[in-house]
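# Secondary and tertiary structure notes
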Amino acid sequence: CASLLAALPWLLSLSFFVFPMVSSAAFRAFSCEEFDTGRAFLFADYSVECSTADFTSEVHERAKTLAYVGIALYPCGISLLYVVLMWRARRALLDDKPTALSRALSFLVKDYEPAYFWWELLEAWKKLFLVGFMVLIMPGEIEQLVIAFLVSLVYGLLVGVAMPYKDTADDQFAKACAFSLSALFFFSVILKVGVLTDAVDGVLSGQLRR
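Below, the structure is looked at part by part. Worth saying up front: this structure is predicted, and the values here are computed from it rather than measured.

Counted at 1.5 Å a residue, the expected span for helix H9 (residues 168–199) with its 32 residues is 46 Å, and the 47 Å between its end C-alpha atoms agrees. Among all positions in H9, only Asp171, Ala174, Ala178, Ser182, Ala183, Phe185 and Val189 are buried. Elements in contact with the buried residues of H9: helix H7 (119–131) and helix H8 (142–162).

Set out below in structure tokens:
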């Protein structure tokens, strides 16, 4: 048990740094590009044809099954592990009375005010949603960008209101990052509207075009 607690900070550090990469890799099994022929192929590997309403690809179905297992084991599993560990150590973290477990969790909580020791969970879930589950929500549609924009906007509002970091400079930096992320999705929406407008330009009247 002592050896596990000693290794826990390193394991949590590793899981934190690879969380976005592993999550996005698992969700790539659901990201397909559809062509005018009606056939769709996997973005990550164009040799794999995706299942559609009229066609079932055994290779793609196996890839999706493996992706579901990976999502359950890593993105969701790691999040659940964070929740359990923080719940077990919550009294020590709130009362600032270090224990072996709370010291092992210091990598995740040391930068936050005691009342917001759980903020890293919110940060992880934001990443999981934006780099993972968003792939499944109306892929390629403008609504997908709008939802991502709204999520980033709400997160920016939460950061601005809560200011969860101990260091004021960290709070300011977090707000700047949240604003930049919201701006990225906002301008992506504008670009998407421009692309859609160009696509139907031939059937627009002068007034609609303006």
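On to the packing of helix H3 (residues 75–88) against H7. The geometry of H3 relative to H7 is characterised by a closest axis approach of 11 Å and an angle of 170° between their N-to-C directions. For the element pair H3 / H7, the angle class is roughly antiparallel. Of H7, the residues touching H3 (which contributes Pro75, Ser79, Tyr82, Val83 and Met86) are Leu121, Trp125 and Leu128. Tallied by class, the residues present in the contact of H3 with H7 amount to seven nonpolar, one polar and no charged.

By size, the foremost hydrophobic cluster in this structure holds 25 residues, and its most contacted members are Leu12, Leu105 and Leu108. Elements with a contribution of two residues or more to this core: helix H1 (2–27), helix H2 (58–73), H3, helix H5 (100–104), helix H6 (106–109) and H7. Among the elements that take part in this core, H1 stands out by supplying five residues, more than any other. For Leu12, the residues in contact, after removing those within four places along its chain, are Tyr82, Leu85, Ala104, Leu105, Phe107 and Leu108.

Here we come to unusual backbone geometry. Positive phi values are uncommon outside glycine, yet Asp96 reaches one of about 55°. Summarising the element assignment, Asp96 is placed in the loop between helix H4 (90–95) and H5. Phi angles above zero are rare outside glycine, and Met163 is one such case at about 45°. With respect to the element layout, Met163 can be found in the loop between H8 and H9.

Rules used in this analysis
- Residues numbered from 1 in each chain as written.
- Predicted model: local features only at pLDDT ≥ 70, side-chain atom pairs only at ≥ 80, totals over all residues.
- Heavy atoms only, no water.
- Helix = DSSP H or I, 4+ residues; strand = E, 2+ residues; numbered from the N terminus.
- Expected span 1.5 Å × (residues − 1).
- Buried < 20%, exposed > 50% of the residue type's maximum accessible area, 1.4 Å probe, protein only.
- Contact = heavy atoms within 4.5 Å.
- Axes fitted to C-alpha atoms, helices over the stretch in contact; angles between N-to-C directions.
- Parallel < 35°, antiparallel > 145°, perpendicular 65-115°, else oblique.
- Nonpolar A, V, L, I, M, F, W, Y, C, P; charged D, E, K, R; others polar.
- Core = buried A, V, L, I, M, F, W, Y, C linked by side-chain atoms within 4.5 Å.

Spatial relationships are all this shows, so hold off on functional conclusions.
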